[in-house]
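Secondary and tertiary structure notes
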Amino acid sequence: MRAVGSVTPHETAYDRRRLRQWLAGQARAEGVTRRRLLTLLAATAGGTALSAAAPAHAAGPSILKPLPPEWFIPRGTNAETRWEALSGTGHHTPNELFFVRNHTATPVLDAAAWRLRLWGDGLRGAPGEDRPVEFGYDDLRALPAVTRTAFVECAGNGRSYYTTQQGETVNGTPWTLGAVGVARWRGVRLADVLRRAGLSSHAVDVQPRGLDAEYVSGGENLGRVRRPLPLGKALEDVLLAYEMNGEPLPYDHGYPVRVLVPSWVGISSVKWVGDIEVSAHPLFSPWNTTFYRLFGSAYPKEGTAPLTRQTVKSAFELASGATFPAGRRQVLRGRSWSGAGGVARVEVSTDGGTTWRPARLHDRPRAGTWTRWSLPWTPAAPGPAQLLARATDTAGRTQPDTAVPNTEGYLFGAVVRHPVTVL
Ligand SMILES: Nc1nc2c(c(=O)[nH]1)N[C@H]1C(S)=C(S)[C@@H](COP(=O)(O)O)O[C@H]1N2
Ligand SMILES: [Mo]
């Protein structure tokens, strides 16, 4: 595996090459609206067919596991983990406490009937031959297994702070900091499956697609959740995971198999994966064009390149508005994480950002997961206070005081001001 902490240059090179191919008309963009393509291309692009009308959806809860209010904040079809509920849990987020982000609703799939189909012109076959390859659940379980600790974090985690701390209006679910969790994932390397399927030397992109219902947004059917992944990342450290913290994947987290893309935005980690297109041409879906790019006054009209790595963040294992008795020693606890490496340093302020003290770290900095930390605090006078935590990762990135806003409110990375009251 690649060394910790470096942003791989092939990601940038890849994106430039992909854009050139796209402009040359060699890329497919199914499910991307014509309007969006025109905006992105800023030219008279060839048309794409709009998807068929939306299918009827079965009524029912979006999430199947229990969502007790002391553990979760309900957010439409999603559920955010309360940070105070992580207090006292270990390094890994228990499955019951793990946040859920569903575009539609959790499907209940049968592992025995489940198939993973790999297809596309990026697979080796006779010329002109479409050569799909299928793997069943037992086929995957018979391949060499790997285990890896990694966070899954929504690109919009912390989005509400663009508004509450910076006064910006942004679209999307107003998460606080609970759209993240760390689990020990077990599964097979996507690289192993791709090689067994017969990866061609011309392959550039792979696109996993979920088996959950088609996603309708603004009256338009965008099809099933899918997002292209550059082959470089797909071969580097991506898993097809069938276990989460030693148990079969829970229904809500992708049973029987999900993609797990360490350090990247959560949308990359497609749940309930049913097929993977392997392509010799760059692929586009709404999830790497309309969504999951940065748009706004600080960014190009067509948006940035598709989002990849997460920013640096920190959170206290405390409720918003937690109370503390004056004059008594406390131990503040929290966690910090980054998409560009491990977290090597955390500073905490208990006076609204005037003075900072280094926190004690309880984990060795490791890429793709968080570092737990603590700091003793004896609150002096009664009254409101603000707690701040600021992390620096092994790539040298430190959380800034403010984050540059974008219309969808992705990748908030600034220091969060956590309000508490001393009684
Ligand atoms: N098939 C499918 N995969 C999906 C999604 C989805 O709605 N459908 N949501 C994505 C998003 S936006 C996130 S943040 C993560 C959340 O994973 P979790 O629900 O296991 O926490 O799953 C991703 N994978
Ligand atoms: Mo997400």
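In the block above lies the structure referred to throughout.
Keep in mind that what you see is a predicted model, and the values were worked out from it rather than measured. (Residues numbered from 1 in each chain as written. Chains lettered and ligands numbered in written order. Predicted model: local features only at pLDDT ≥ 70, side-chain atom pairs only at ≥ 80, totals over all residues. Heavy atoms only, no water.)

Let's talk about the packing of aromatic side chains
Counted by the stated rule, this structure contains 15 aromatic pairs. Seen from their ring centres, Phe99 and Trp175 are 6.1 Å apart, and the 90° between their planes marks the pair as edge-to-face. Taken together, the residues Phe99 in the loop between β2 (78-81) and β3 (115-119) and Trp175 in the loop between α4 (160-164) and β6 (180-189) connect sequence positions 76 residues apart. Of the two residues, Phe99 and Trp175, both sit in the buried class. Ring centres of Tyr251 and Tyr255 lie 5.3 Å apart, and the angle between their planes is 85°; this geometry places the pair in the edge-to-face category. One aromatic cluster is present, formed by Phe98, Phe99, Trp175 and Trp185 through successive ring pairs. It is Arg390 that lies over the ring of Trp356; its NZ or CZ is 3.8 Å from the centre. (Phe/Tyr/Trp six-rings, centres within 6.5 Å; stacked < 30°, edge-to-face > 60°. Helix = DSSP H or I, 4+ residues; strand = E, 2+ residues; numbered from the N terminus. Buried < 20%, exposed > 50% of the residue type's maximum accessible area, 1.4 Å probe, protein only. Lys NZ or Arg CZ within 6 Å of the ring centre and 35° of its normal.)

What about a nonpolar patch on the surface?
Side chains of Leu64, Val108 and Tyr251 sit close together on the surface and give an oily, nonpolar patch of about 270 Å² of accessible area. Checked against the element boundaries, Tyr251 lands in the loop between β12 (247-248) and β13 (258-260). Using a relative accessible area of 38% as the deciding quantity, one classes Tyr251 as partly exposed. (Patch = residues over 30% accessible without salt bridge, like charges linked within 9 Å, V, L, I, M, F, W, Y side chains within 5 Å. Areas by Shrake-Rupley, 256 points an atom, 1.4 Å probe, with all protein chains shown as cover. Salt bridge = Lys/Arg side-chain N within 4 Å of Asp/Glu carboxyl O.)

With respect to the nonpolar core
Judged by nonpolar contacts, the single largest core of 48 residues is most densely connected at Leu118, Trp185 and Leu240. Counting 19 residues, the second largest nonpolar core, distinct from the first, contains Ala322, Trp377, Ala385 and Val422. (Core = buried A, V, L, I, M, F, W, Y, C linked by side-chain atoms within 4.5 Å.)

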